[in-house]
Every structure is written in structure tokens, then in C-alpha cells.
Amino acid sequence: AAGDAARLGVLLPLSGPLASLGNDVRRGFELALQLANEDGGLFGQDAELITVDVPSSTEATSQATRLITSEQVGVVMGSYASSISFAASQVAERNKVVYFEQGAVADDITTRGFKHLFRFIYPASELGGGAAQFTLDQVLPKINMSASDVRVALLYEDSFYGTAVGEGARKVLQAANVNIIDDTSYSYKTTDLSPMVQRYSQLQPDIIVVCQYTPDGILFWRQAREAGLEVKALVGNGGAHNVGDFADALGDDVNGVLNAGTSVYIDKSGLTSEAAETFTRFHEEHIARFEGRKPSAHTGMGFNAMWTVLRDILPEAGSMSPEAVREAAMALDKPIGSSIVGWGTKFDPETQNNTRAFPTYDQWQSKEINTVSPSDFAIADIKGLPL
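In this report, the structure presented in the accompanying data block is examined. Worth saying up front: this structure is predicted, and the values here are computed from it rather than measured.

### Let's talk about the sheet that holds strand 6 (residues 151–157)
Strand order in the open sheet formed by seven strands is 7-6-8-9-10-11-12, with mixed pairing between adjacent strands. Bordering the open sheet on either side are strand 7 (179–186) and strand 12 (368–373), each of which pairs with just one other strand. Pairwise comparison of adjacent strand axes, ignoring direction, gives a mean angle of 25° for this sheet. Examined bridge by bridge, strand 6 and strand 7 share seven bridges and lie parallel to one another. Paired with Arg-151 across the strands is Asn-179, a residue of strand 7.

Written out as C-alpha cells, the structure is:
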């Protein structure tokens, strides 16, 4: 039966405003699949991905339904965007098909009591809160300011993702009695953020903590630089600020920008020997198979999720049976440092979030992104602040 074959459904935004990041994840999925098949495949045959384009949450329900009912995939994987994940995972849960989320961070995704939904990445509250704590602990000393005198602006796109990240950052900053001089959200589909740039020119924040997707992230920082906006630090949160497209668009203006998120540019000596070998293989094969293109963090997250499913979870399950897959996922217990992004894997029995995922912190230096924290994975120190 088709449902017994090693066929996995993939839901990703491959067109529309989220396409650059969705395609980064797709490359990670495909590379993991290719390498796993070269190593022997799954259940004695090559595994296969059935990939559909889901530009937004509008298409998520119908496409997830098609994958499960028409294509009869045994497992669904997606989806990078929280709004897409929220809708698609509901379809999977209703049909009792296991859904693995690789990169959507909104906290609400895993608070619905679903039994067939597993998330590899940390929730948004940990991302935003982590970015704020990183700002307090490591950015403020570099700009010679304290929590009591720094002026911080929060700017985030208004989807599940940005809103949750903004809330997480706000809680940590408020607890530290930081002066939040502005707290603004906007649609990531906007084509003009110059009103915010003008607003910040008047408010004069020392630090802006932002959560943006790639197009709006590029738009904001480009308009800020063109207007001569001066801030001491810009701290991103994953979507825009740790991908090559951001650096390609901004050139030297990318240097000094910080980011909280996930990194594939870490010190591999902090990894287990097996993960370090996979880390090297991932980087070499990505450049070889994708025309010299260097991998992004989102490619790494996609690879990590697919690699773990194909190499650890499904072989242990022994079939594509939803209950067998679920039991194998719940039993997985891998330490921190056992993946190419530094994470371990252990799913919480209640939320089924990965309790061993955590943000890393990066900075653009000489138009290359380098991990600066935590120390076990850092390959550089913070430089060039104040900007």
C-alpha cells in the first residue's frame, strides 16, 4: 500500500513573500534525503518526498488534506511559517498522521494538546526572550550602557511568529526595567517602512530589537541606512537577519548586525564525533550540489529535522504506522551537541516540543555570519559595536 512506502509529505512556502526562506528549508530537506538514500534509504528502499507549495496559511488546509488523503503520505513535514504550521498540523492531527515541524516557532502551535505533532525548534517566547537576555548580558557591555539607561525599540511583523517573539522580548526587558520607548508591529507584506525609520530618527533608540522575514528585513535596514538612522545595535530574531540574501542585498551595511536564532556556522568541536562528521558532510555536499551556494540557518534546520526523522525516528519505528512513528519519536533521547545545529533531541511528553533546542547568537562580520554565543559553539567575539 502507498501508505506503507517511505513517502513523506512536505509543506513549504516556495512562492510568495516567504519563498526565499521556504526554499532554503527545501534544500535542507532534499540534501538530507539524498544523503540518507545514498546511505541505504529507509526500509530497504529510497525514501521519497512529495512536496507541495503553500505560499500562505490560506492553502495550508487543502494541501495538507491532499497529501494525506490523495498522496497517502505516512508523515508530513513542514513548514517554516507559523501560520502555515498552525493550520496544516490541525489537518494532520485530525487524520492521526504524524506532523514534524522544523522551524515554525509560535508558542500556540504546541499548546493545543495534539498527540501527533512534534516540533524540533524552540518556541518563539524562548527566541524573543533569549534575544532580549543576550542584549542585556552581552550587547549592553559592548556599547557601555546599562539596563537602567538604555533606550530600546521593539519592531516586529504581526503574524503568529513576530507577535510571539515580540512578547517574549518585552517580558524579559520589562523584568529588567529597561526603557522600551517604542513597541510596534506591522504586516510583513508592506512595501514601505520609512515611517518607522522616521519615527526612530525622532525617538533615537540605542538598540532596536526586530523580528522580520527576509523581504521586510532587507527593506527596513536599507531604508534605515539610506536615511542615516544611527543606533548602537540592531538585534534580529531569525527570519531575515541570518540568511545570505540579507547580506547580499545590504553589502557592507550588514556588518555588525546581530541575530538570535539558529546557526550552521558554529564550532563543530562542541558536537559529538558523529554530528561533527555530518556537519562537515552537510557543508561540503551543500556547496557541491547547489552550485556553490553556502547553506543558511534555515537550510540547516530543515536538514536537521529531515535527517533525524530518516536516520533516527523512522528506522526505530520500523514502518510508517502513525503510532509506531509517534512512539519512536517520544523515545528519542539525543544529547546536546548531537546535531549539526548543536541541539539535542528530547520531546516533552506534554507539548512534544524539543526540550534540547536552543537559540544561538550570531553577528555579521566582513559580510560573513559568525556564531558569538553560547561559548561552546562560538567561532568569534562580538565586534564593531556601537555600530
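### A word on helix 4 (residues 124–142)
With 19 residues, helix 4 extends 26 Å from end C-alpha to end C-alpha; this agrees with the ideal 27 Å at 1.5 Å per step. Of all bends in helix 4, the biggest is about 40°, found at Thr-135. Every buried residue belonging to helix 4 is among Ala-124, Leu-127, Gly-128, Gly-129, Gly-130, Ala-131, Ala-132, Phe-134, Thr-135, Leu-136, Val-139 and Leu-140, and all of these are buried. The elements touched by buried residues of helix 4 are helix 5 (160–175), strand 8 (207–211), strand 9 (233–236), strand 10 (258–261), strand 11 (360–365) and strand 12. Once helix 4 ends, the next one or two residues include Asn-144, with phi positive near 55°.

### Some words on the packing of aromatic side chains
What the rule picks out here adds up to 14 aromatic pairs. With a centroid separation of 5.2 Å and 25° between ring planes, the pair formed by Phe-86 and Phe-160 is classed as stacked. Here Phe-160 lies in helix 5 and Phe-86 lies in helix 3 (residues 82–94), a separation of 74 residues in the sequence. Classification of Phe-160 by relative accessible area gives partly exposed; the value is 38%. Ring plane angle 45° and centroid distance 5.1 Å describe the contact between Tyr-161 and Tyr-213, whose orientation is recorded as tilted. One end of the pair, Tyr-161, is in helix 5; the other, Tyr-213, is in the loop between strand 8 and helix 7 (214–226), and 52 residues separate them in sequence. No difference in accessibility class separates Tyr-161 from Tyr-213, as the two residues are buried. Between Arg-112 and the ring centre of Phe-86, over which it is positioned, the NZ or CZ distance is 4.0 Å.

### A few points about the nonpolar core
Among the nonpolar cores identified, the biggest contains 141 residues, and Leu-8, Phe-100, Ile-207, Ile-208, Phe-220 and Ile-313 are the most heavily contacted of them. For this core, the element with the highest residue contribution is helix 10 (residues 297–317), accounting for ten residues. Excluding residues within four positions of it along the chain, Phe-100 makes contact with Val-75, Val-76, Met-77, Gly-78, Phe-118, Phe-120, Val-309, Ile-313, Val-325 and Ala-329.

### Points about empty space enclosed by the protein
According to the stated counting rule, one finds three cavities of 30 Å³ or more in the structure shown. In this structure, the largest cavity spans a volume of roughly 130 Å³. Tyr-80, Gly-103, Val-105, Tyr-161 and His-298 are, among the 20 residues lining the largest cavity, the residues nearest its centre. Listed by contribution, the elements that provide at least two residues to the lining of the largest cavity are strand 10 and helix 10. Grouping the amino acids of the lining of the largest cavity by side-chain chemistry returns eleven nonpolar, nine polar and no charged. Taken together, Leu-154, Leu-155, Tyr-156, Gly-162, Val-165, Gly-166, Ala-169, Val-209, Val-210, Cys-211 and Asn-237 make up the lining of the second largest cavity. Of all the secondary structure elements, the ones that give two or more residues to the lining of the second largest cavity are strand 6, helix 5 and strand 8. Looking at the lining of the second largest cavity, the element that brings in the most residues is helix 5, giving four residues. Its residues assigned to classes, the lining of the second largest cavity shows eight nonpolar, three polar and no charged.

### Focus on the packing of helix 9 (residues 273–289) against helix 10
Axis separation between helix 9 and helix 10 bottoms out at 12 Å; the angle between their running directions is 125°. Here helix 9 is positioned oblique relative to helix 10, judged by the angle of their axes. Seen along the crossing, helix 9 lies across helix 10 with a hand that is right-handed. In this structure, helix 9 uses Thr-278, Arg-281, Phe-282 and His-286 to contact helix 10, whose residues at the interface are Thr-299, Gly-300, Phe-303 and Trp-307.

### As for the side chain of Arg-326
Here Arg-326 is to be found in helix 11 (residues 322–331). The buried charged residue Arg-326 lacks any salt bridge, with Glu-323 as its nearest oppositely charged partner at 5.1 Å. Contacts of Arg-326, omitting those with residues within four sequence positions, involve Val-98, Lys-115, Phe-118 and Gln-352.

Rules used in this analysis
Sequence order sets the numbering: in each chain, residues are counted from 1 along the sequence as written. Given that this is a predicted model, residues contribute local features only at a pLDDT of at least 70 and side-chain atom pairs are listed and counted only at 80 or more, while totals for whole chains, interfaces and linings are drawn from all residues. Excluding hydrogens and water, the side-chain values take into account all heavy atoms of the structure. Note: two strands are recorded as paired if DSSP finds a minimum of 2 bridges between them. Secondary structure elements follow DSSP: runs of H or I of four or more residues count as helices, runs of E of two or more count as strands, with numbering from the N terminus. Angles here are taken between N-to-C directions and fall from 0 to 180 degrees, while the axes themselves are lines fitted to C-alpha atoms, restricted in helices to the stretch in contact. For a helix, the expected span equals 1.5 Å multiplied by the number of residues minus one. Two axes define the bend at a residue: one fitted to the seven residues ending there, one fitted to the seven starting there, and the bend is the angle between them. Burial classes: relative accessible area under 20% of the type maximum marks a residue as buried, over 50% as exposed, and values in between as partly exposed (1.4 Å probe, protein chains only). Residue contacts follow a heavy-atom distance rule, with two residues in contact if any of their heavy atoms lie within 4.5 Å. Ring pairs shown here join Phe, Tyr and Trp side chains whose ring centres sit within 6.5 Å, with only the six-membered ring taken for Trp; geometry is labelled stacked below 30 degrees between planes, edge-to-face above 60, and tilted in between. Think of it as a cone above the ring: NZ of Lys or CZ of Arg counts as a charge over the ring if it is within 6 Å of the ring centre and within 35 degrees of the ring normal. For the purposes of this section, nonpolar cores are sets of buried Ala, Val, Leu, Ile, Met, Phe, Trp, Tyr and Cys residues that join through side-chain atoms within 4.5 Å. Cavities and pockets are defined on a 1 Å grid built over the protein atoms alone: a cavity is a set of grid points where a 1.4 Å probe fits but cannot escape, while a pocket is an open set with protein on both sides within 12 Å along at least five of seven lines, and lining residues are those with an atom within 4 Å of any such point. Grid points are joined across faces, edges and corners, and a volume is the space filled by probe spheres set on the points. Three classes are used, and their members are as follows: Ala, Val, Leu, Ile, Met, Phe, Trp, Tyr, Cys and Pro are nonpolar, Asp, Glu, Lys and Arg are charged, and the others, Gly among them, are polar. Under this scheme an angle from 65 to 115 degrees is roughly perpendicular, one under 35 degrees roughly parallel, and one over 145 degrees roughly antiparallel; angles in between are oblique. In this scheme the crossing of two helices becomes right-handed for a clockwise turn of the near helix relative to the far one and left-handed for an anticlockwise turn of less than a right angle. The charge count treats Lys and Arg as positive and Asp and Glu as negative. His and the chain ends do not count. Put simply, a salt bridge is a Lys or Arg side-chain nitrogen that is within 4 Å of an Asp or Glu carboxyl oxygen.

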